[in-house]
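A look at the structure
Residue strings, one per chain:
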Amino acid sequence: MTTRRFGRAGFGVAVSAALLALATPAAAQDVVIRNATVLTISDGTIENATVVVRDGKITAVGRDVRVPDGVRVIDGTGRYVMPGIIDAHSHMAIEGGINEGSESVTPEVIIPVRDDDQTIYRALAGGVTSALLLHGSANTIGGQGAVIKMRWGQPADSLHFDGAHRIVKFALGENVTRASSSAPDSLRRFPKSRMGVEQTLRHWFTQAQEYDAAWQAWRERGDRNALPPRRDLRLEALADIMRGDIKVHAHSYRGDEILMLMRVAEDFGFRINTFQHVLEGYKVADEMAEHGAMASTFAESWGYKVEAQDAIPHNMAIMTDRGVVVSVNSDSGERVRRMYQEAAIGMKYGGMSENEALKMITLNPAMQLGVDDMVGTIEVGKQADLAIFSAHPFAPEAHVEMTLVDGKVYFDRTQAMTLRKLIDSTRNITTTTEDDR
């Protein structure tokens, strides 16, 4: 007898089939989680606590909470419950990936969302319940992203997080100037320098100011027989940015560029909502705090290209200490499965408190996406996006047991076909080969 094991391709097919089989809408239900350690974020840690969820919202949290009749009860003994994790920078579930390399300014474009990207399910397995989807960073003023909830199995239109900010992506640095491009200089589009990026910004916002002024003059004239200005969707989107109706999230690395973008924004009367990656944010944290900009960064990535040489692991702790609202993002279909470990790095480098570190994957990204009044903490009245862990999320052995979105269970480790289960099942598979006959 010879034991036959699946190859890597076999595992991939089996896992894909299992995930697709699980892609069915979760049933609406009322849920109670009992006897758990609850990390509320907003009101400390409560041991032996109960969380009651009704109609998708948290209706009670605490030790002395009555359990309603007829609801599903989840035993939280030995487990930890925290708010669903929020990823403020992801490229999952975007149709075609999208990285605009020809047009430098495209704020009128809205990215299309896919519902069949298995990264959504993998994110649920890591306790992630919401994310900001952004396209690549090849153009200076990019398109509008999408804030989604991980409602795996639901149609794409159902994934959008109602009430979240409209968000546009800006980008600075080497990705925009195409510094690593091997194309002939004559074939590379403008801007090809960091100064060119600033000029692009100032040129287009000046155009938008003139466009907005023309429309305002036409409205004030009150003559409906007069021809209105020609409509331009690009300039309208830029005008919405200046009015604050669309929030700016800017891909960034170097401190000098971060300062440049804040000064440009202030000159045109708006603010940068969040600097993404912002590896040199620690150099200009005071200026960011004064401007009102928040930061979404990597936990410990540096030195992978020239403009990342000055990155340090203390970045998030220093910015937090200076008053900047900081989150940790994944920017990756792999890191999104373990963002709780990324946040824990804040305690090692910079001595952040446990709660401040947890905020970087819960309340703080919720603020950056404009959904902090709905999610990000475990409080009565908030949406029941929750992650149940086998141990404290920062413990090395911790893993996610269950993830709820809107009070519905979208990931349950006891029901999931995990790689560990698949390996265990194949260990016992035996077949007879020709050599054995």
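In this report, we go over the structure that sits alongside the text. (Residues numbered from 1 in each chain as written. Predicted model: local features only at pLDDT ≥ 70, side-chain atom pairs only at ≥ 80, totals over all residues. Heavy atoms only, no water.)

1. Observations concerning the overall build of the protein
A count of helical and extended segments in the protein gives 12 helices and 19 strands. Computed over its C-alpha atoms, the radius of gyration of the protein comes to 24 Å, within 12% of the 22 Å expected for a compact globule of 437 residues. A principal-axis box enclosing the C-alpha atoms of the protein has dimensions of 80 × 65 × 50 Å. Looking at the protein as a whole, 53% of its 437 residues qualify as buried. In the protein, 70% of the contacts between residues at least 6 apart in sequence involve partners at least 24 apart. Only carbon and sulfur atoms are counted for the fraction: they give 47% of the accessible area of the protein, which is about 19,500 Å². Taking the average location of the 48 positive side-chain charges in the protein and that of its 57 negative ones, the two points are 3 Å from each other. (Helix = DSSP H or I, 4+ residues; strand = E, 2+ residues; numbered from the N terminus. Rg over C-alpha atoms; globule rule 2.2 N^0.38 Å. Buried < 20%, exposed > 50% of the residue type's maximum accessible area, 1.4 Å probe, protein only. Contact = heavy atoms within 4.5 Å. Areas by Shrake-Rupley, 256 points an atom, 1.4 Å probe, with all protein chains shown as cover. Lys, Arg positive; Asp, Glu negative; His and termini not counted. Charge placed at Lys NZ, Arg CZ, Asp CG, Glu CD.)

2. Details of the sheet that holds strand β8 (residues 128–133)
Taken in spatial order, the 3 strands of this open sheet run β7-β8-β10, and their pairing is mixed. Looking at the sheet topology across the chains shown, the edges are occupied by β7 (85–90) and β10 (146–149). Put simply, the sheet's adjacent strands are angled 20° from each other on average, direction ignored. Relative to β10, β8 runs antiparallel, the two being bridged by 4 bridges. Its bridge partner lying in β10, Leu 132 is registered against Val 147. (Pairing = 2+ DSSP bridges. Axes fitted to C-alpha atoms, helices over the stretch in contact; angles between N-to-C directions.)

3. Section: the nonpolar core
Phe 170, Phe 205, Phe 275 and Met 288 are the most contacted members of the largest nonpolar core, which totals 91 residues. Once residues within four sequence positions are removed from consideration, Phe 170 is found in contact with Thr 140, Ile 141, Gly 142, Leu 201, Phe 205, Ile 241, Val 248, His 249, Ala 250, His 251 and Leu 261. Listed in part, the 18 residues of the second largest apolar core include Ile 33, Val 51, Val 53 and Val 81. (Core = buried A, V, L, I, M, F, W, Y, C linked by side-chain atoms within 4.5 Å.)

4. Observations regarding the environment of Gly 346
Relative to the elements of secondary structure, Gly 346 occurs in helix α9 (residues 339–348). Excluding its chain neighbours within four sequence positions, the residues that come into contact with Gly 346 are Met 316, Gly 351, Met 352 and Met 360.

5. Quick notes on the environment of Arg 178
Note on placement: Arg 178 falls in the loop between α3 (174–177) and α4 (194–221). When its relative accessible area of 31% is taken as the criterion, Arg 178 is described as partly exposed. Along the chain, Arg 178 and Gly 101 lie 77 residues apart, while their C-alpha atoms are 8.9 Å from each other. For Arg 178, the contacting residues outside a window of four places in its chain are Ala 138, Arg 188 and Arg 189. Within polar-contact distance, the side chain of Arg 178 engages the backbone oxygen of Asn 175 at 2.6 Å. (Polar contact = N/O pair within 3.5 Å; in protein donor to acceptor, adjacent residues only side chain to side chain.)

6. Describing the pairing of strand β17 (residues 400–405)
Counted residue by residue, β17 has 6 buried out of 6 residues, so it is predominantly covered. The sheet contact formed by strand β16 (residues 386–389) and β17 spans 4 bridges and is antiparallel. When the sheet's bridge partners are listed, Phe 389 is paired in β17 with Val 400. Looking at chain direction, β17 and strand β18 (residues 408–412) are connected through 4 bridges and run antiparallel. Paired with Met 402 across the bridge in β18 is Asp 412.

7. Structural notes on unusual backbone geometry
Among all residues except glycine, the phi angle is most often negative; among peptide bonds, the trans geometry is most common. Of note, the amide linkage connecting Phe 190 to Pro 191 takes the cis form, showing an omega dihedral of 5°. Summarising the element assignment, Pro 191 is placed in the loop between α3 and α4. One non-glycine residue, His 277, adopts positive backbone phi at about 70°. Not every positive phi belongs to a glycine, and Asp 331 is a case in point at roughly 55°. We classify Asp 331 as partly exposed; its relative accessible area is 23%.

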